[in-house]
Amino acid sequence: MSSEVLEIWCWLHPKRRGRPGQPLPLGRPRPHSSPGPRANLGPPHPAGRRRMGLSVAPVWGPPGLLLTMALCPALTLHPAEARAPAPRDYCVLGAGPAGLQMAYFLQRAGRDYVVFERASGPGSFFTRYPRHRKLISINKRYTGRTNAEFNLRHDWNSLLSHDPRLLFRRYSQAYFPDAGDMVRYLGDFAGRLGLRVRYNTTIAHVTLDKDRRAWNGHYFILTDQKGQEYTCSVLLVATGLSAPNLVDFPGSEYVEGYESVSVDPEDFVGQNVLILGRGNAAFETAENILGVTNFVHMLSRSRVRLSWATHYVGDLRAVNNGLLDTYQLKSLDGLLESDLTDLAVVKDPKGKLHITLKFYLEESNQSAEAIPLPQDDSDNFAMRVAYDRIIRCLGWKFDFSIFNKSLRLSSGSEFSKKYPLVRPSYESKGSRGLFVLGTASHSVDYRKSAGGFIHGFRYTARAVHRLLEHRHHGVAWPATEHPVTQLTSCVLRRVNEASGLYQMFSVLADVVLMKENGTAFEYLEEFPMQMLAQLEAVTGRQARHGLFVINMEYGRNFSGPDKDVFFYDRSVGYTEDAWQSNFLHPVIYYYRHLPTEQEVRFRPADWPLPRPAAIHHILEDFLTDWTAPVSHILPLRRFLENCLGTDLRSFYAESCFLFALTRQKLPPFCQQGYLRMQGLVGTGSLRQHRVESGLLQDYAAAGKRREDSGQWPGFHEPVDQPQAPGPLDQPLNSNKEEL
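Quick caveat, the model's predicted, so the values are computed rather than measured.

1. What to know about the packing of helix 5 (residues 97-108) against helix 7 (residues 179-192)
The contact between helix 5 and helix 7 brings their axes to 11 Å, and the two run at 20°. Classed by the angle they form, the pair helix 5 and helix 7 counts as roughly parallel. Considering the relative orientation of helix 5 and helix 7, their crossing is left-handed. Touching Pro-97, Leu-100 and Tyr-104 of helix 5 are Leu-186, Phe-189 and Ala-190, all from helix 7.

Dropping the structure here:
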C-alpha cells in the first residue's frame, strides 16, 4: 500500500490514528452537550495547534505528501507533539482521599477524567503529616454487626467502593492508626481500582478560557511545572489545606513551624517551650514532649474547644489532651489566652526568647537588652519567664496561589482566606464548573459536621458526582420507588443503618417524594439539605405531591464549648418529650410543597431547614438503635399517617376481607396486597402466636363461650372484629394492640 493510500485510509478510519477509543489529542475540545463517544472533529486549525503548544509542520517531501498532510496532519507532527494530552471532561487536582474518591465515582460511571498528583504516589500529605504519625480518625474494627453500611458509621478512614478488600480495618489494627497505614491504603485503593492518575505532575497555574460551546461557558486551562497545558470542562479541586497559617509579629522569625520542628523528644530535654495554637496539632506536639520539658505553655486567642463538648471532630480530641491534665493538676504546664498579633518576641544575648507587647517595640528603638518587658510594669506577668523554643501550630489554609483571579475563589474576607468560597452544592461561587472537594470544602459545614474529614467528605463527594451526572449527562439522582405501605420501614431502615446521614448530620438528608394519590413514593438518599429548593432542577425528580426530609440532629442547646454535656438529666426517655432529645437522633420534616429559595435562605436561626408543615423527633436512644416498637416505631407511623391522612398498618387477609365487605375505602395495605391476591394469610400458628403475645384475643375461646351461652353473633358487637381503619385519633386499648 502506497503512503498516499495509507494516509487517506487513516482519515477514513479515525480510530486507527491512536489507541482504540482515544480522541485525537489536538485542537479545541468539542462542545460537550451530551454523553457518548467523541465526534471526529477533523484536522485541527493551525491556530488551534499553536494554542496547544504545537507547531505547524513545513511542507516538504516527495510529490503526494501535501495530499497526505491535508488528509492526516497528525502524522506530520513530531513525536513529542503527537503525545499532547487530550482535552478532558473532568480534571481532578490531588490524589488524596477526596480526589481518589471522586475518581472512583467517575470511573464507575464511565466518564472521561484524569487526576493530577504532584507526588510520585497518592496520599502525599500523609507521608509527612501528622508529624507524630498518629491519626485521630478512629478505626473501630468491631461493632457486633455484620451490616456493612452500619459499620461505616464507625470506620472513619475507609473510602467508598465496591471492593470489600478496600476497608481500612484490613490495613491497621490500631484504634488510632499510623499515618503510614493511610498512605499504604490509598496506594492500594488507586492501584486495585485502576484509577487514572498522572503522578509527578504539579499544576502550577489554573485559568479560564471562555467558550460558549463549553459545558459551563468556559474551559479550565491547567499548566504543569513543565509548561504543558491541559484543557478540562469541569475542574474538581481536592488539594486539601496545604499552606500553614502564619502570624506576622515582631520576632516571628524566631518561631519554629509545626511543619519543620523536630519530633524527637530528646531535642527538648530540660527546655521551656511555648506553643502558639490550640488545635490538635498544638496538643499533639505538646503530648510528644510533656515528659522531658521543664514546662510547656500554650498560647492562643481563643479558649480550648473540646470535641466531646462541641460534637465537632475537628476540635481537641481526648487522645491529645494530656496537657489539660497537667495544667489543672498543678504540674507547671499551662494554657493562656491572648491575641497573637499584639505580641512580640525578643531574643536576648544568651539565645533566650522573651514575650513582650508589640507597642513596647514601636515606642523604643533600643537594643534587645534595653527593650521594656511587660514584667517591668506588672511583676506577675504570666509569661515573664524566658523560653528556649517557641513553636507555631496554627493549622492550615487553602493554597490559592495557583488559581488565576478570574476564577474568583476568594472574596478576601478573613474566613475565605482559609477556605474557598463554595455553594451548598460545593461549586465555586465565582466559577461555574469548579467544584471543591474534601477538606477544602469544609466551609459548607465548618464546626457543624464532618465534611472536612474522610468519614464525611466521602459522602459529599458522592453527592457532587450525582449532581454532575444529572447536569452534564442527564442521569437523574438515584432513587428507589416503593408502595406507601413501606414508608415506615424504609425510614426506619435508613435511620438505623445509613452512615452518610449519621456522619453528615444537618448537611446531607434523605428525601421522600410522594407520588400522585399518595399510593407510592420515591426515596432519595443523602441529598444536600441547603439545596432543597433546587431539588427538582438538580435531580431530575418531581416533588409535586408533598415530601419528607429525614435528617439527624443534636439537641438545639446541647453542643458548645461552654456546655456541660454530662449534666445529670441529659437523656430523654419518654416519647412525649422526644422533641427535647439532646443526643444525635432522627428528625423528620414534612412539607406539602417544595420550599422556595427565599424560605431556605431566611429560615429561623439554628434551623437546618425552613419551618415545615409538621415535624417529628424520634426519641433519642442510648444504643442509637431506633427499633423499639412503642417508643420509636409507633410514634413515627402515627406521624406519617397524620401527614398523609391514611392508614399505614399491615393486616391479615381475613381483616382485609372484612374491610372489603364493610368499608368504602380499604387501607393501602389491603388495596396493594389483598385485592391483588397478595398478602399475609393467617394460619393456626400465627393466630396462636399473636394470642400468646397479647396482641389479639383468643377468638376460638370467645366463639366457644358464645355457643355455650346460646347467643348469636349478631346480637352483640363481635369481640373478634379486627380493628378497622378510622380516624387516626381513635382511642385504642393499648399501643401493642395498634401495633
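2. Regarding the packing of helix 13 (residues 487-497) against helix 17 (residues 629-644)
Contact geometry for helix 13 and helix 17: axes closest at 10 Å, N-to-C directions at 130°. Classified by the interaxial angle, the pair formed by helix 13 and helix 17 is oblique. For the element pair helix 13 and helix 17, the recorded crossing hand is right-handed. The residues of helix 17 that touch helix 13, namely those facing Leu-487, Thr-488, Val-491 and Leu-492, are Ile-633, Leu-636, Arg-637, Leu-640 and Leu-644. Grouping the constituent residues of the contact of helix 13 with helix 17 by class yields 7 nonpolar, 1 polar and 1 charged.

3. Digging into the side chain of Ser-428
Mapping Ser-428 onto the fold places it in the loop between strand 15 (396-397) and strand 16 (434-436). With a relative accessible area of 2%, Ser-428 lands in the buried category. At a separation of 3.0 Å, a polar atom in the side chain of Ser-428 contacts the main-chain amide nitrogen of Gly-430.

4. Looking at the pattern of salt bridges
Note that side chains of opposite charge can pair when their charged atoms are close. Per the stated rule, a full pass over the model turns up 23 salt bridges. One salt bridge in this structure joins Arg-447 and Asp-315, with 2.4 Å as the shortest N-O distance. With Arg-447 in the loop between strand 16 and helix 12 (454-473) and Asp-315 in the loop between helix 9 (307-310) and helix 10 (322-328), this pair connects stretches of sequence that are 132 residues apart. Judged by its relative accessible area of 5%, Asp-315 is buried. One salt bridge in this structure joins Glu-641 and Arg-637, with 3.2 Å as the shortest N-O distance. Within this pair, Glu-641 and its partner Arg-637 are both found in helix 17, separated by 4 residues, close to a single helical turn. Each of the two residues, Glu-641 as well as Arg-637, counts as buried. A cluster of three or more residues bridged by salt bridges with shared partners is formed by Arg-462, Arg-494, Asp-510, Glu-525 and Glu-526.

5. A closer look at the pairing of strand 18 (residues 508-514)
A regular strand carries its side chains on alternate faces of the sheet. Most of strand 18 sits out of view: 7 of its 7 residues are buried. With burial as the criterion, each face of strand 18 is covered, one bearing Leu-508, Asp-510, Val-512 and Met-514 and the other bearing Ala-509, Val-511 and Leu-513. Relative to strand 19 (residues 520-528), strand 18 runs antiparallel, the two sharing 6 bridges. Across the sheet, Ala-509 pairs through a bridge with Phe-527, a residue of strand 19. Where strand 18 folds back onto strand 19 in an antiparallel hairpin, the turn is made up of 5 residues, including Asn-517, whose phi is positive at roughly 70°.

6. Examining helix 8 (residues 280-289)
With respect to burial, helix 8 is a largely interior element, 8 of its 10 residues being buried. Listing the buried residues of helix 8 in full gives Asn-280, Ala-281, Ala-282, Phe-283, Glu-284, Thr-285, Ala-286 and Ile-289. Buried residues along helix 8 sit against strand 9 (272-276), strand 10 (295-300), helix 10, strand 11 (334-337) and strand 14 (389-392).

7. What about the sheet that holds strand 10?
In spatial order, the strands read 8-14-9-10-11; together these 5 strands make up an open sheet with parallel pairing. Every other strand in the sheet has two partners, leaving strand 8 (256-257) and strand 11 as the edge strands with one partner each. Across the face of the sheet, helix 8 comes into contact with strand 9, strand 10, strand 11 and strand 14 while running at roughly 175° to strand 10.

8. Quick notes on helix 17
For helix 17, spanning 16 residues, the distance from its first C-alpha to its last is 21 Å, which sits close to the expected 22 Å at 1.5 Å a residue. Listed as buried for helix 17 are His-632, Leu-634, Pro-635, Leu-636, Arg-637, Phe-639, Leu-640, Glu-641 and Cys-643. Positioned one or two residues after helix 17, Gly-645 has a phi angle of 65°, which is positive.

9. Some points on the nonpolar core
Ranked by internal contacts, the top residues of the largest apolar core, which has 68 residues, are Leu-100, Tyr-185, Phe-189, Leu-195 and Leu-236. Among all residues touching Leu-236, those that are not within four sequence positions of it are Tyr-90, Cys-91, Val-92, Leu-93, Met-102, Leu-106, Phe-435, Leu-437, Val-464 and Leu-468. By size, the runner-up hydrophobic cluster in this structure holds 48 residues, among which are Val-206, Leu-222, Leu-407 and Val-422.

10. Some details on the confidence of the model for the chain
Mean pLDDT over the chain works out to 83, with 78% of the residues at or above the 70 mark. Scored below 50 in pLDDT, residues 65-82 shows 35 contacts in the model against residues more than four places distant or in partner chains.

11. Brief notes about the state of the cysteines
Using the criterion set out here, one finds 2 disulfides in the structure. Cys-656 shares a disulfide with Cys-670; S-S distance 2.0 Å. Every disulfide takes its handedness from the sign of the S-S torsion; for Cys-656 and Cys-670 that torsion is -75°, giving left-handed. A residue pair is termed long-range when its members are at least 10 positions apart, and Cys-656 in helix 18 (residues 653-662) and Cys-670 in helix 19 (residues 668-672) qualify at 14 residues. A relative accessible area of 2% means that Cys-656 is categorised as buried. For the chain, the disulfide bridges join cysteines in the arrangement 1-2, 3-4, where the cysteines are counted in sequence order.

12. Quick look at the side chain of Thr-201
Examined against the element boundaries, Thr-201 turns out to sit in the loop between strand 3 (197-198) and strand 4 (203-210). On the basis of relative accessible area, Thr-201 is assigned to the buried category, the value being 8%. What Thr-201 contacts, discounting residues up to four positions off in sequence, is Phe-116, Glu-117, Arg-118, Asp-224, Gln-225 and Tyr-230.

13. Looking at the packing of aromatic side chains
Applying the stated rule across the entire model yields 28 aromatic pairs. Centroid distance Tyr-258 to Trp-396: 6.3 Å. Interplanar angle 75°. Geometry classified as edge-to-face. With Tyr-258 in the loop between strand 8 and strand 9 and Trp-396 in strand 15, this pair connects stretches of sequence that are 138 residues apart. Considered together, Tyr-258 and Trp-396 belong to a single accessibility category, that of buried residues. Between the aromatic rings of Phe-651 and Phe-659, the centroid separation amounts to 5.1 Å while the plane-to-plane angle is 90°, which identifies the pairing as edge-to-face. For the pair formed by Phe-651 and Phe-659, the shared burial category is buried. When the ring centre of Phe-150 is taken as origin, the NZ or CZ atom of Arg-145, which lies over that ring, is 4.1 Å away.

14. A few points about the pairing of strand 21 (residues 585-591)
Strand 21 sits mainly inside the fold: 7 of its 7 residues count as buried. Burial along strand 21 is two-sided: His-585, Val-587, Tyr-589 and Tyr-591 and Pro-586, Ile-588 and Tyr-590, pointing in opposite directions, are all buried. Bridge count for strand 20 (residues 547-553) against strand 21 is 7 bridges, and the pairing is antiparallel. Paired with Asn-551 across the bridge in strand 21 is Val-587.

The rules behind the values
- Residues numbered from 1 in each chain as written.
- Predicted model: local features only at pLDDT ≥ 70, side-chain atom pairs only at ≥ 80, totals over all residues.
- Heavy atoms only, no water.
- Axes fitted to C-alpha atoms, helices over the stretch in contact; angles between N-to-C directions.
- Helix = DSSP H or I, 4+ residues; strand = E, 2+ residues; numbered from the N terminus.
- Parallel < 35°, antiparallel > 145°, perpendicular 65-115°, else oblique.
- Left-handed = near helix turned anticlockwise from the far one by under 90°.
- Contact = heavy atoms within 4.5 Å.
- Nonpolar A, V, L, I, M, F, W, Y, C, P; charged D, E, K, R; others polar.
- Buried < 20%, exposed > 50% of the residue type's maximum accessible area, 1.4 Å probe, protein only.
- Polar contact = N/O pair within 3.5 Å; in protein donor to acceptor, adjacent residues only side chain to side chain.
- Salt bridge = Lys/Arg side-chain N within 4 Å of Asp/Glu carboxyl O.
- Pairing = 2+ DSSP bridges.
- Expected span 1.5 Å × (residues − 1).
- Core = buried A, V, L, I, M, F, W, Y, C linked by side-chain atoms within 4.5 Å.
- pLDDT = per-residue confidence, 0-100.
- Disulfide = S-S within 2.5 Å.
- Phe/Tyr/Trp six-rings, centres within 6.5 Å; stacked < 30°, edge-to-face > 60°.
- Lys NZ or Arg CZ within 6 Å of the ring centre and 35° of its normal.

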